[in-house]
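# Structural features, examined
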Amino acid sequence: ATASSSPWSSEEGREFLQERLARFSRFIFFVATAFFFGVWLTQLAWDPSALDHGFPIRTSALFHLAGISIVFAMWMLTRGPAVRAERLRVIESLGVFFLSLAMLGRAFTLSTAFRPDSLAMLSLFALLLYRAAVIPSEPARTARIGITCVALVPILSFIVYSRAARPDLPSPWFFAAFSLLFAVLAVVLSTTTSSIIYGLRQTVREARKLGPYTLVEKIGAGGMGAVYRAQHALLRRPTAVKILPPERAGEMDLARFEREVQMTALLTSPHTVSIYDYGKTPDGVFYYAMEFLDGIDLNELVQRDGPMPPGRVVHVLRQVSEALAEAHRSGLIHRDVKPANILLSERGGRPDFAKVLDFGLVKSVSSTSAAMTADNVLLGTPYYMAPEAVRSPEQVDARSDLYSLGATGYFLLTGKAVFEGTSADILASLLRDRPQPPSKRLGRPIPASLETLLLQTLSKDPDQRPESMEAFAAALASCQDVTPWSEADAAAWWKSRLSLVRSARTDSSDMATAPTLSVGREARPAK
């Protein structure tokens, strides 16, 4: 098979192969060990005097112990850190070959009364079939390994029965032919099994192809679908692919999904995720490809590292406000601004570079796009939803994104959402309660200018908030009592927290996966 079609050509395939090799060798180790002591205990029960001789030390037992040692070594070599694919293939082929030799030695050192040829073939039959079922392998490779393992069986059968001084036995050629027949059967069945397993795995891999992209692993879910890390068939550029689930491919969801990619593609701010491609598979799955961002979202960062210093909050919010300001100038409203939708990474050598993600709930001020959003449905995440999104979602505008960004800043400063509790509690608080000042919530003073600005942004009356995202960014820049977050500070943080960022790539927290709310108007709390 070519490198592209090999089941272990990718990192995912290599990990899968190593895990299966470890499982294969571990299982055989425990079975062989249990069988060794089972045979000894059976002999002891049959002849208690055998205890005088201690553990079995016959040649067949030594071969058995050799086989146990071989699979134990395979297990130890594959159970730890990552092993290169080439080395895994060597471990597998040599391990299975030497294990088959130990099994042949175990069988053919027994008396002909035990039919060593049958014992040998039974053992190899089980070994090869189990390997074919557990370890992903090309059929040709399985056939080669099988032939190598069983090739000696007919030869050894002929030799052993030629030396047997028993006139009642058939000709040695009979045993050799009998062994050859079962050897061929073992190779054919194991190869067929491997072909089926390998084919199913290839089918799964093909099913994970979307146009020129191959899905590698799921990395998140947004308001309009799941996001996967993907590989392009030709380009080496890291890519993320967002998929509209088939069950949501109705007319309304499809229109919203297409609007998301089309509107996001119009935005050119470096702090907005870049769109690469858009397409539909022959079986009707819609997807779009965007830049893959290797970093940590703000929700995960705060959950793991605690509240951020005010200077860093200002640094991040200014970048996000730049992206949202461009969207607003283009007539687009995000409607789901929250920490989990803002990711920090290192881009172009700049640490703490913010990117705004997931425009799945984006709304245009045009009547055509507005018609795609039902007027009686709440859309957004309760922790960061603006009050007017609860009162009259059809009137949501750019000032609603301002509220959500202010709520995000509040969370970054305090490590807590503005209002907490059940969704119903949060929605009720949005309409009636005043936000607690961040300094009181945090239990220590924060720069007064930043606190005042955030509380203004969290006003229940949209007219009391900054008049635009540009005005908000300008106000952030004028917070003179905030100690600036320098590039050196950012670089030092990233250097000291690299393990935090790496662990965040595979884990998720409760609030990071807080669902985007979509409920009917009747579910709102009373005014």
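Please refer to the structure placed before this passage.
### A closer look at the overall build of the chain
- The helix and strand tally for the chain stands at 19 helices and 13 strands.
- Burial statistics for the chain: of 527 residues in total, 50% are counted as buried.
- A sequence separation of at least 24 residues applies to 72% of the contacts in the chain between residues at least 6 apart.
- Summed over all atoms, the accessible surface of the chain reaches about 25,100 Å², with 60% contributed by carbon and sulfur.

### Points about the nonpolar core
- Judged by nonpolar contacts, the single largest core of 53 residues is most densely connected at L317, V320, L405, L412 and F472.
- Of all hydrophobic cores here, the second largest spans 38 residues; its members include I28, M103, A120 and M121.

### Observations concerning the sheet that holds strand β7 (residues 296–297)
- The three strands are arranged β7-β9-β10 in an open sheet whose pairing can be described as antiparallel. A single partner strand is all that each edge strand has here, and the edge strands are β7 and β10 (350–356).
- Where strand β9 (residues 342–347) lies against β10, five bridges are found, and the strand directions are antiparallel. Following the sheet pairing, L343 is matched in β10 by K355.
- Each of β9 and β10 is contacted by helix α18 (residues 487–496), which is oriented at about 90° to β10, the strand it contacts most.

### Considering a nonpolar patch on the surface
- Together, L181, F182, L185 and L189 make up an exposed nonpolar region whose accessible area comes to about 340 Å².
- With relative accessibility at 57%, the residue L181 sits in the exposed group.

### Quick word on the packing of aromatic side chains
- Taken as a whole and assessed by the stated rule, the structure comprises 18 aromatic pairs.
- Centre to centre, the rings of F72 and W75 are 6.2 Å apart; their planes meet at 85°, and the pair counts as edge-to-face. Residue F72 and its partner W75 are both found in helix α2 (residues 59–78); the two are separated by three residues, about one turn of the helix.
- Taken together through their ring pairs, the aromatic side chains of Y161, F174, F175, F178 and F182 make up a single cluster.
- Lying over the aromatic face of F178, R115 brings its terminal NZ or CZ to 5.8 Å of the ring centre.

### Observations regarding α18
- Residues of α18 that are buried include every one of A490, W493 and W494, and no others. For α18, the angular spread of the buried residues around the axis is 95°, confining them to a single face. Every exposed residue of α18 that faces more than 90 degrees away from the buried side is listed here: A488 and K495.

### Quick word on the environment of P435
- Locating P435 in the fold gives a position in the loop between α14 (423–432) and α15 (438–442).
- For P435, a relative accessible area of 17% gives the class buried.
- When the C-alpha positions of P435 and K460 are compared, they lie 9.7 Å apart, and in sequence the two are 25 residues distant.
- Those residues in contact with P435 that sit more than four places away from it in its chain are V418, F419, L455 and L458.

### Section: the side chain of T142
- Among the secondary structure elements, T142 is positioned in helix α5 (residues 139–150).
- Sequence-distant contacts of T142, that is, excluding residues within four places in its chain, are made with R131, S137, S190, T191 and S194.

### So, the packing of helix α4 (residues 116–134) against helix α6 (residues 152–163)
- The contact between α4 and α6 brings their axes to 10 Å, and the two run at 165°. Classified by the angle their axes make, α4 and α6 are roughly antiparallel. Crossing handedness for the pair α4 and α6: right-handed. Where α4 abuts α6, its residues P116, D117, M121 and L124 lie against V153, S157, V160 and Y161.
- Looking at the contact of α4 with α6 residue by residue, the class counts come to six nonpolar, one polar and one charged.

### Describing the pairing of strand β3 (residues 225–232)
- Direction of pairing for β3 relative to strand β4 (residues 239–243): antiparallel, over a ladder of five bridges. Bridging across to β4, R229 finds its partner in A240.
- Counting the residues that bridge the hairpin from β3 to β4 gives six residues.

Criteria and thresholds
Residues numbered from 1 in each chain as written. Predicted model: local features only at pLDDT ≥ 70, side-chain atom pairs only at ≥ 80, totals over all residues. Heavy atoms only, no water. Helix = DSSP H or I, 4+ residues; strand = E, 2+ residues; numbered from the N terminus. Buried < 20%, exposed > 50% of the residue type's maximum accessible area, 1.4 Å probe, protein only. Contact = heavy atoms within 4.5 Å. Areas by Shrake-Rupley, 256 points an atom, 1.4 Å probe, with all protein chains shown as cover. Core = buried A, V, L, I, M, F, W, Y, C linked by side-chain atoms within 4.5 Å. Pairing = 2+ DSSP bridges. Axes fitted to C-alpha atoms, helices over the stretch in contact; angles between N-to-C directions. Patch = residues over 30% accessible without salt bridge, like charges linked within 9 Å, V, L, I, M, F, W, Y side chains within 5 Å. Salt bridge = Lys/Arg side-chain N within 4 Å of Asp/Glu carboxyl O. Phe/Tyr/Trp six-rings, centres within 6.5 Å; stacked < 30°, edge-to-face > 60°. Lys NZ or Arg CZ within 6 Å of the ring centre and 35° of its normal. Arc of directions from axis to C-beta. Parallel < 35°, antiparallel > 145°, perpendicular 65-115°, else oblique. Left-handed = near helix turned anticlockwise from the far one by under 90°. Nonpolar A, V, L, I, M, F, W, Y, C, P; charged D, E, K, R; others polar.

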